[in-house]
Amino acid sequence: MPRKIWTGSINFGLVTIPVGLYAATEDHTVQFHQYERGTADRIRYKRVNERTGEEVGFNDIVKGREFDGGVITVEQSELDEIAPGRSRTIDITTFVDLTEIDPVHFQKTYWLAPNSKEHYRPYNLLRRAMHETSQAGIATFVLRGKQYLTAVRADDTVLALNTLFFADEVRDPGELIGDEDEQAKPSEKELQMATTIIESMSGPWEPEQYEDTYTAKVEELLAEKAHGGEVTAAEEPPKPTDVIDLTEALRRSVDEARKGRKPARAEEDLSELSKAELDDRAKQLGIKGRSKMKRAELEEAVAAATAKPTGTEGRRSRRAS
């Protein structure tokens, strides 16, 4: 069972519901330690006094900031004293349509669960009412010394809390894009072809169909190095599509999409891959018996696997097999 990381209550109107906060996700990133090159000696960090160079104990360290020409330090107890609601309440101030919140504001998801069985009834009342009205409760609360803007929403069986970025934390994209050049506008023909590609590649959202392939590659790299094997480099990223070639690239993508194939990179040529690269591609595609195949047979198998149908129909066939 996940560990409770915060205990408090949800307040809406005159109703108070004691709840616990739990992380909704977990990180599977491969974690590395640091070692001195050429040795198995771990690298450790120490907290040291900048002036004396002496190590300082954790209990002797306080938070502080430069202020008005000097340094002001504060105790954690002082920060807790001034926290809104004393860090123990999620105060819903208004309810909004969840679809009105721009996804750029979403930060992290948590689950909220009632603290005891006696609180299940008001908890389920709020969850079902929010589900019926498709509304999310906007609230603020303090966690680990930081105040968060949040959206409390109804999931299928539980209340979810999404922390949100405040408006002044969201950068203006206009600073990055600037004014559009007249030449940057796509033609009607290009727009129609791009729309056709998107429609042909559309399918239902099925998160279980996606996997963290990079983490798997890192684990494979560690295993290969542990047994003295060779490290196989991944394929090079695709080259940017030249403006001159844009229409041709779109046309080829449309043709392949209409045939039920995933659009391939225009410049891809299996004959240009090394044997190791070709074998790695075949491995990614799940092709069996690679070691017994001649190069021509391997190229043919990779090409056939790459051209498999995508979308719902393709996923169903893969599940059936």
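What you see is a predicted model; the values in this text were computed from it and never measured.

### A few points about the overall build of the protein chain
- Within the protein chain, the secondary structure is distributed over nine helices and nine strands.
- Residues counted as buried form 22% of the 321 residues belonging to the protein chain.
- The long-range fraction of contacts in the protein chain, counting pairs at least 24 apart against all pairs at least 6 apart in sequence, stands at 59%.

### Concerning the side chain of R153
- Within the element layout of this structure, R153 appears in strand β8 (residues 146-154).
- Among the residues examined, R153 registers a relative accessible area of 18% and is labelled buried.
- Only 2.6 Å separates the side chain of R153 from the side chain of N162, close enough to count as a polar contact.
- Apart from residues lying up to four places away in sequence, R153 is in contact with L98, T109, M130, A136, V158, L159, A160 and N162.

### Description of unusual backbone geometry
- Residue D68 is not a glycine yet carries a positive backbone phi of 55°.
- Along the polypeptide, D68 turns up in the loop between β3 (63-67) and β4 (70-74).
- Although it is not a glycine, S134 adopts a positive phi angle of roughly 55°.
- Mapping S134 onto the fold places it in the loop between α2 (120-133) and β7 (135-143).

### A few points about α2
- In this model α2 runs 20 Å from its N-terminal to its C-terminal C-alpha over 14 residues, within 8% of the 20 Å that 1.5 Å per residue would give.
- When α2 is considered as a whole, its buried residues turn out to be Y123, L126, R127 and M130. The buried residues of α2 occupy one face: seen down the axis, they fall within an arc of 95°. Along α2, exposed side chains directed more than 90 degrees from the buried face belong to R121, L125, R128 and E132.
- Just downstream of α2, S134 is the residue with a positive phi angle, here 55°.

### Details of the pattern of salt bridges
- Tallied over the entire structure, the rule returns three salt bridges.
- A salt bridge links K146 to E169, with the shortest nitrogen-to-oxygen separation between them at 3.7 Å. Here K146 is found in strand β8, whereas its partner E169 is found in the loop between β9 (159-164) and α3 (174-177), with 23 residues between them in sequence.
- Take K146: its relative accessible area is 32%, and that puts it in the partly exposed class.
- The partner of R295 in a salt bridge is E299, and the shortest N-O contact between them spans 2.9 Å.

### Side note on the packing of aromatic side chains
- Within the structure shown, the criterion is met by two aromatic pairs.
- With centroids separated by 5.1 Å and ring planes inclined at 85°, the aromatic side chains of W6 and F141 adopt a geometry described as edge-to-face. Taken together, the positions of W6 in strand β1 (residues 4-12) and F141 in strand β7 put the pair 135 residues apart, joining distant regions of the chain.
- With centroids separated by 6.1 Å and ring planes inclined at 35°, the aromatic side chains of F141 and Y148 adopt a geometry described as tilted.
- Owing to a relative accessible area of 2%, F141 belongs among the buried residues under this scheme.
- Relative accessible area serves as the criterion here: at 16%, Y148 is assigned to the buried category.
- Through a chain of ring-to-ring contacts, the aromatic side chains of W6, F141 and Y148 assemble into a single cluster.
- Above the face of the Y110 ring, K108 is positioned so that its terminal group lies 5.8 Å from the ring centre.
- Directly above the aromatic system of Y148 lies the positively charged group of K146, at a separation of 5.4 Å from the ring centroid.

### Here's the deal with the side chain of T215
- Checked against the element boundaries, T215 lands in helix α5 (residues 213-226).
- Looking at T215, the relative accessible area reads 13%, which means it is buried.
- Among all residues touching T215, those that are not within four sequence positions of it are H28, T29 and V30.

### A short note on the packing of helix α7 (residues 275-284) against helix α8 (residues 295-306)
- At a minimum axis separation of 10 Å, α7 and α8 run at an interaxial angle of 40°. Between α7 and α8, the crossing angle belongs to the class labelled oblique. In the crossing of α7 with α8, the sense of the turn from one axis to the other is left-handed. For the pair formed by α7 and α8, the contact residues are K275, L278, D279, R281 and A282 on the first element and R295, L298, E299 and V302 on the second.
- Grouping the amino acids of the contact of α7 with α8 by side-chain chemistry returns four nonpolar, no polar and five charged.

What counts, and at which threshold
Residues numbered from 1 in each chain as written. Predicted model: local features only at pLDDT ≥ 70, side-chain atom pairs only at ≥ 80, totals over all residues. Heavy atoms only, no water. Helix = DSSP H or I, 4+ residues; strand = E, 2+ residues; numbered from the N terminus. Buried < 20%, exposed > 50% of the residue type's maximum accessible area, 1.4 Å probe, protein only. Contact = heavy atoms within 4.5 Å. Polar contact = N/O pair within 3.5 Å; in protein donor to acceptor, adjacent residues only side chain to side chain. Expected span 1.5 Å × (residues − 1). Arc of directions from axis to C-beta. Salt bridge = Lys/Arg side-chain N within 4 Å of Asp/Glu carboxyl O. Phe/Tyr/Trp six-rings, centres within 6.5 Å; stacked < 30°, edge-to-face > 60°. Lys NZ or Arg CZ within 6 Å of the ring centre and 35° of its normal. Axes fitted to C-alpha atoms, helices over the stretch in contact; angles between N-to-C directions. Parallel < 35°, antiparallel > 145°, perpendicular 65-115°, else oblique. Left-handed = near helix turned anticlockwise from the far one by under 90°. Nonpolar A, V, L, I, M, F, W, Y, C, P; charged D, E, K, R; others polar.

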